[in-house]
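# Architecture at a glance
Listed here are the chains, written in short residue letters.
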Amino acid sequence: MLPDLEQIVVAHLRATSAVTALTSNVGTRTPPSTDLPWVKASLIHAQPDPSSPALHFASVLVQLDCYGGANRELAQGQASTLARTVQAALNDMPGSHTGAVVTAVKTSGPRRIPDVDMKPARERYIVTADVSTHPA
């Protein structure tokens, strides 16, 4: 079975001290309180390698939304710093993880796309990661 890369990415970011120095809110949903910066991971696409025996290898696209806190004066800088830190952590991700081996990560971004669905609009930078993986 292919690993749940969304959860593996979240676990990796939670275990990265540079990320946790900026926020303890890393998950797959918006946290109950959005006063402080947070990261939300979303699985965008998982493509098993069709030539792989028993669907062993996969390329998984994960989007990381990096939000600034509620203080509008600090929010853009917080979101930018958080996104760049998340990107660096993702680039260091290849290796063994619980249930998976990550063989490569290609990131793109960060792109500044404020979240206008939140009231008031919230500063957000988006990083995407194309993660090549197989079960451990």
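Below is a short write-up of the structure. Predicted, not measured: the structure shown is a model, and the values here were computed from it.

### Quick look at helix α3 (residues 75-91)
Taking 1.5 Å per residue as the helical rise, α3 with its 17 residues ought to reach 24 Å, and the 24 Å between its terminal C-alpha atoms agrees with that figure. Buried within α3 we find A75, A79, S80, L82, A83, T85, V86, Q87, A89 and L90.

### Some words on the packing of helix α1 (residues 5-14) against α3
Orientation of α1 relative to α3, taken along the N-to-C sense of each, is 110 degrees, at an axis distance of 10 Å. In terms of orientation, α1 and α3 fall into the roughly perpendicular class. Along its contact with α1, which presents V9, H12 and L13, the element α3 presents V86, A89 and L90. Taken together, the residues of the contact of α1 with α3 sort by class into 5 nonpolar, 1 polar and no charged.

### A look at the pattern of salt bridges
When the charged atoms of two side chains lie near each other, side chains of opposite charge can form a pair. Per the stated rule, a full pass over the model turns up 3 salt bridges. Notably, a salt bridge pairs D115 with R124, separated by 4.0 Å at the nearest N-O pair. Of the two residues examined, D115 and R124, each falls in the buried class. Here the residues in one salt-bridge network are D65, D115 and R124, joined through shared partners.

### A few points about the pairing of strand β3 (residues 58-67)
With respect to burial, β3 is a largely interior element, 8 of its 10 residues being buried. Here β3 runs beside strand β6 (residues 124-135); their pairing, made up of 10 bridges, is antiparallel. The partner of S59 across the bridge, within β6, is S132.

### So, the environment of P135
Along the chain, the position of P135 falls in strand β6. Relative accessible area serves as the criterion here: at 17%, P135 is assigned to the buried category.

### With respect to the side chain of Q63
Inspection of the secondary structure assignment puts Q63 in strand β3. Side chain to side chain, Q63 and D65 meet in a polar contact 2.9 Å long. Apart from residues lying up to four places away in sequence, Q63 is in contact with K40, A41, S42, I44, I126, V127 and T128.

### Structural notes on the side chain of R124
Structurally, R124 is set in strand β6. Using a relative accessible area of 14% as the deciding quantity, one classes R124 as buried. A distance of 2.8 Å separates a polar atom in the side chain of R124 from the backbone oxygen of I113. Once residues lying within four places of it in the same chain are set aside, the contact partners of R124 are D65, C66, Y67, A79, R111, R112, I113, P114 and D115.

What counts, and at which threshold
Residues numbered from 1 in each chain as written. Predicted model: local features only at pLDDT ≥ 70, side-chain atom pairs only at ≥ 80, totals over all residues. Heavy atoms only, no water. Helix = DSSP H or I, 4+ residues; strand = E, 2+ residues; numbered from the N terminus. Expected span 1.5 Å × (residues − 1). Buried < 20%, exposed > 50% of the residue type's maximum accessible area, 1.4 Å probe, protein only. Axes fitted to C-alpha atoms, helices over the stretch in contact; angles between N-to-C directions. Parallel < 35°, antiparallel > 145°, perpendicular 65-115°, else oblique. Contact = heavy atoms within 4.5 Å. Nonpolar A, V, L, I, M, F, W, Y, C, P; charged D, E, K, R; others polar. Salt bridge = Lys/Arg side-chain N within 4 Å of Asp/Glu carboxyl O. Pairing = 2+ DSSP bridges. Polar contact = N/O pair within 3.5 Å; in protein donor to acceptor, adjacent residues only side chain to side chain.

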